[in-house]
Amino acid sequence: MKTIIVPENGLLVMPLQVRGNHWVIMFADFENHKFYFFDPYETMEYNKCRHTFVNILGQLKKNHVYGEVGKVWPKLDFQKFSKYPKQPHTDFYNCGVYVLYFAECILKNKFENVKFNEAFCPIVYREVLKDLLLEESDFMRDICLCCGRTDKQHRHIEEDNVDWVQCDACNRWIIVQCMKDAEQILDIDGNFECLLCISYSKRLQSKY
């Protein structure tokens, strides 16, 4: 486990999956000496929430550093946050969406000033997250499927005469030198399929 240095008076954000299928989120507010626990559907009993808090704090003190080596970790008071809008538990798949929304609200405002939208809709927020992730991510077409080089790196290595080939099935590009059997990349008709598409085709054939 890599040791992290937690900044003094900082805010540590910790999403956590419990029971294998439920997301909660915790905030260690070192400036105000509080540990906030968020459970979107409030399905965890108070004692279990506090037990999780004790375990997490113990792991932090054991494996990581606060401020600088040798500095004592501050005492944190456990608090189960309850200012967020109460949502009816109508499904089992939006807890992670609520967790991300809580994190955004907390990071934009201090705890005492945080305001949640009572009309918050997880389905709409999923679209917001999708657009944000797509906007901030690299275009997959411009990344080698084998080595993961980005578009900027492409322009650099193309000057060294690196050859590229495009999969006719998924349209992803691959650096020829990244493949083990570079001399056998084309079939007799001059078509090319990457290993992922070949594997997928084989699974479909075996299924039917």
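Residues numbered from 1 in each chain as written. Predicted model: local features only at pLDDT ≥ 70, side-chain atom pairs only at ≥ 80, totals over all residues. Heavy atoms only, no water.

K.L.:
I would appreciate a short explanation of the overall build of the protein in the present structure.
P.N.:
A tally of regular secondary structure across the protein gives five helices and eight strands. Listed by position from the N terminus, the elements making up the protein come as β-β-β-β-α-β-β-α-α-α-β-β-α. Here the protein holds 208 residues, and 36% of them are scored as buried. Nonlocal contacts in the protein, meaning residues at least 24 apart in sequence, comprise 54% of its contacts between residues at least 6 apart. Accessible surface, the protein: about 14200 Å² in total, of which carbon and sulfur atoms supply 52%. (Helix = DSSP H or I, 4+ residues; strand = E, 2+ residues; numbered from the N terminus. Buried < 20%, exposed > 50% of the residue type's maximum accessible area, 1.4 Å probe, protein only. Contact = heavy atoms within 4.5 Å. Areas by Shrake-Rupley, 256 points an atom, 1.4 Å probe, with all protein chains shown as cover.)

K.L.:
Can you walk me through the packing of aromatic side chains in this structure?
P.N.:
Between two aromatic rings, the relevant description is the distance of the centres plus the angle of the planes. For the coordinates displayed, the defined rule picks out 16 aromatic pairs. Between Tyr-98 and Phe-120 the ring centres are 5.3 Å apart and the planes differ by 55°, which places this aromatic pair in the tilted class. Of the two residues, Tyr-98 is situated in helix 2 (residues 95–108) and Phe-120 in the loop between helix 2 and helix 3 (122–136); the sequence distance between them amounts to 22 residues. Where Tyr-101 meets Tyr-125, the ring centres are 5.5 Å apart and the plane angle is 75°; that geometry is what we call edge-to-face. Highlighted residues: Tyr-101 in helix 2 and Tyr-125 in helix 3, separated in sequence by 24 residues. Given the relative accessible area of 8%, Tyr-101 is considered buried. Linked through ring pairs, Phe-27, Phe-38, Tyr-98, Tyr-101, Phe-102, Phe-116, Phe-120 and Tyr-125 together constitute an aromatic cluster. (Phe/Tyr/Trp six-rings, centres within 6.5 Å; stacked < 30°, edge-to-face > 60°.)

K.L.:
Just to check I follow, could you spell out the pattern of salt bridges for this structure?
P.N.:
Two side chains bearing opposite charge may form a pair once their charged atoms approach each other closely. The final tally for this structure, using the stated rule, is three salt bridges. With a shortest N-O distance of 3.6 Å, Glu-8 and Lys-71 are connected by a salt bridge. Here Glu-8, found in the loop between strand 1 (5–6) and strand 2 (11–18), pairs with Lys-71, found in the loop between strand 5 (65–66) and strand 6 (77–80); they are 63 residues apart in sequence, far enough to count as distant. Judged by relative accessible area, which is 40%, Glu-8 ranks as partly exposed. A relative accessible area of 34% means that Lys-71 is categorised as partly exposed. As a salt-bridge pair, Glu-104 and Lys-108 come within 2.8 Å of each other at their nearest N and O atoms. Here the residue Glu-104 and the residue Lys-108 both occupy positions in helix 2, the gap between them amounting to four residues, near one helical turn. (Salt bridge = Lys/Arg side-chain N within 4 Å of Asp/Glu carboxyl O.)

K.L.:
How should I be thinking about the confidence of the model for the protein in this particular structure?
P.N.:
Here the protein averages 78 in pLDDT, while 79% of its residues score no lower than 70. Here helix 4 (residues 151–158) stands out as the element of the protein with the lowest mean pLDDT, 54, in contrast to strand 5, whose mean of 89 is the highest. (pLDDT = per-residue confidence, 0-100.)

K.L.:
What am I meant to see in the layout of surface pockets here?
P.N.:
Left-over empty space is what a probe sized like a water molecule reveals as it rolls over the atoms. What the second largest pocket holds in volume is close to 160 Å³. Forming the boundary of the second largest pocket are Asn-9, Gly-10, Leu-11, Asp-29, Glu-31, Asn-32, Ile-106, Asn-109, Lys-110, Phe-111 and Glu-112. When its residues are assigned to classes, the lining of the second largest pocket shows three nonpolar, four polar and four charged. (1 Å grid on protein atoms, 1.4 Å probe; cavity = no way out; pocket = protein on both sides within 12 Å on 5 of 7 lines; lining within 4 Å. Points joined across faces, edges and corners; volume = space filled by probe spheres on them. Nonpolar A, V, L, I, M, F, W, Y, C, P; charged D, E, K, R; others polar.)

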